[in-house]
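# A structural walkthrough
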Amino acid sequence: MKIGINKIGFSTSHLYVDMKKLAFARNEDPNKYLIGIGQSKMAVVPPSQDVVTMAANAAIRILTKEDRDRISFVIFATESGIDNSKAAAVYLAHLLGLKNEIRAIELKQACYGATAGIQLARGFVALNPENEVLVIAADNARYGINTPGEPTQGGGAVAMLISQNPQILALEEDSTAFTQDIMDFWRPLGKTEAVVDGKYSKNTYLEFFEETWQAYLDKTGYSLSDFAALLFHLPYTKLGLKALQIALKDAQPSDTVRLAQEFEHARFFNSEVGNLYTGSLYLSLLSLLCNSEKTKAGQRIGLFSYGSGAEAEFYTGIIQPDFKKGLAKVDYNRILNLRKEISVSDYEQLFKQHLFSVQEGAISYKEDPAPFFFSGVHDFKRQYEKRGKKPSPNIWDKNV
Ligand code: COA
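Counting from 1, residues in each chain are numbered in the order their sequence is written. Confidence filtering applies because this is a predicted model: local features only for residues at pLDDT of at least 70, side-chain atom pairs given and counted only at 80 or more, and all residues used for totals across whole chains, interfaces and linings. Water and hydrogen atoms play no part in the side-chain values, which are based on all heavy atoms of the structure.

### As for the sheet that holds strand β14 (residues 340-341)
The rule for pairing is simple: two strands pair if DSSP sees at least two bridges between them. Only DSSP runs of H or I reaching four residues or more are called helices, and only runs of E reaching two or more are called strands; each is numbered from the N terminus. Strand order across the open sheet formed by three strands is β3-β2-β14, with mixed pairing between neighbours. The open sheet has two free edges, formed respectively by β3 (41-43) and β14, since each of these has just one partner strand. Here strand β2 (residues 15-18) runs beside β3; their pairing, made up of three bridges, is antiparallel. If you follow Y16 over to β3, its bridge partner there is A43.

### Digging into the UniProt feature "binding site: (3S)-3-hydroxy-3-methylglutaryl-CoA" (unreviewed entry) in the chain
UniProt positions are given in the numbering used here, feature names are shortened, and annotations may be inferred rather than shown by experiment. Residues annotated by UniProt as "binding site: (3S)-3-hydroxy-3-methylglutaryl-CoA" (unreviewed entry) correspond here to D29, Y143, K242 and N275. Set against the second largest pocket, the annotated residues that line it come down to Y143, K242 and N275. Topologically, D29 is positioned in the loop between α1 (19-25) and α2 (30-37). For each residue, the accessible area found with a 1.4 Å probe, counting protein chains only, is set against the maximum for its type, and the residue is called buried under 20%, exposed over 50%, and partly exposed in between. In this structure D29 comes out as partly exposed when scored by relative accessible area, which is 48%. There is a polar contact of 2.9 Å between the side chain of D29 and the backbone nitrogen of N31. Inspection of the secondary structure assignment puts N275 in the loop between α9 (253-273) and α10 (280-291). The contacts of N275, once residues within four sequence positions are left out, are A141, Y143, T152, Q153, G154, G155, H233, L234, P235 and S280. Polar contact is defined as a pair of N or O atoms within 3.5 Å, subject to the rule that within protein one atom must be able to donate a hydrogen and the other to accept it, and that residues adjacent in sequence are counted only when both atoms are side-chain atoms. Polar contacts involving the side chain of N275 include one to the main-chain carbonyl oxygen of T152, which spans 3.3 Å. Using only the protein atoms, space was sampled on a 1 Å grid; points where a 1.4 Å probe fits but cannot get out form cavities, open sets with protein on both sides within 12 Å along at least five of seven lines form pockets, and lining residues are those with an atom within 4 Å of a point. In what follows, a contact means two residues having at least one pair of non-hydrogen atoms within 4.5 Å.

### A word on unusual backbone geometry
Of the consecutive residues G309 and A310, the connecting peptide bond is found in the cis state with omega at 5°. Within the fold, A310 resides in the loop between β12 (300-307) and β13 (311-319). For Y277, which is not a glycine, the phi torsion comes out positive at approximately 50°. One non-glycine residue, K329, adopts positive backbone phi at about 60°.

### Topic: the packing of helix α3 (residues 51-59) against helix α5 (residues 88-95)
When two helices pack together, you describe them by how their axes are tilted relative to each other and by the distance separating the axes. Interaxial angle, 0 to 180 degrees, is taken between N-to-C directions of lines fitted to C-alpha atoms, where a helix line uses only the stretch in contact. Direction vectors running N to C along α3 and α5 enclose 45°, while the axes themselves pass 9 Å from each other. The angle between the axes of α3 and α5 places the two elements in the oblique class. Judged by the sense of rotation from one axis to the other, the crossing of α3 with α5 is right-handed. When α3 is examined against α5, the residues V52, A55 and A56 are found in contact with a partner set consisting of A88, Y91, L92 and L95. Ten residues, namely Ala, Val, Leu, Ile, Met, Phe, Trp, Tyr, Cys and Pro, are considered nonpolar, four, namely Asp, Glu, Lys and Arg, are considered charged, and the remaining ones, Gly among them, are considered polar. Along the lines of polarity and charge, the residues of the contact of α3 with α5 split into seven nonpolar, no polar and no charged. When an angle is under 35 degrees it counts as roughly parallel; over 145 it counts as roughly antiparallel; between 65 and 115 it counts as roughly perpendicular; any other value is oblique. In this scheme the handedness of a crossing depends on how the near helix is turned from the far one: anticlockwise by less than a right angle means left-handed, clockwise means right-handed.

See the structure below:
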């Protein structure tokens, strides 16, 4: 039985900062951000959005009534969760109007969480073939104003339906994983921004790629010519390029040209949005599917997932004939172009206004065009709202 990604949807903030302007504000050469880091825009998550609302805004782009009836498990991967006990998946299931006869949990292992969610979902569908699993990858990547990690911030959510006979990507059996207890990036309890040793993190990411990639090739006997594209976790797109260069060492020119071209399509949305933490690899998959004209049924795609701390996995999938249908006709290039640019000082204000769960207060959401939004904390309870009884995914586009 084929199992894999049946549909994929994405949502991010309606606001962004231009990286050239951020570079000027930080007295850096813009090419450091544009080329050295590989980012052109950075999503600014307003205080009226968090992982739950971004996940709901992504999920309604793909869910039909039939999907809602078939979903029996919601797996919510995040490292910017909003409660130490209650799973974001429970809030989400309610906002989406899913039935009560489901399981709903939250998963965490830095940026690897969504991949763990997909592998868990795959096993669940193998045992329950008529069921669909909604896997969410949602994060708000915060390093802090004027920190080295600042140009690698961003935020958003990717929603994926995992099912039998998937429309987009059928997962293959083989995969290779690697885990080691290291401190390259973490967020101690109570801290709202990550602690990161950026250079160390970059090096461990590349070492973990080499480890899992080589182990995968040894296990399967495949070579570069067996892959139509290689996708990477992209906390900033230059890091994926560095990993690709490792894979292309000693490559035939035809493999180098093909994989380098496809990488450019696969990193485009990430360069326009910034870091999604655990969703970054899957935003890159969406970017490839939306922007490459060469993607076709039967091609093998390799996916490298990395989560600091650290854990990595390399796995593969085969593109399916109906992969375009799995995108639910959403024009993400148009949506990203509709976003509003804000100044660096407005971004700094919004960054400071976020309400975390131990704070009480109301959040202004009037200017937030999203179907789902966060309106504040009352009695330690986060308040979620929606526009209308059954919010339409198109509200965002109309209101922005
Ligand atoms: N033109 C082109 N490239 C330039 C440049 C210019 N004017 N100025 C600098 N660069 C390049 C550097 O050569 C470097 O490239 P390299 O990585 O190939 O060596 C890159 O831009 C970054 O410059 P660097 O001096 O290393 O930047 P930094 O010390 O400010 O730190 C990060 C950059 C990425 C390490 C930092 O943003 C960070 O810590 N980010 C978070 C790390 C992260 O995401 N970790 C999780 C991994 S999963």
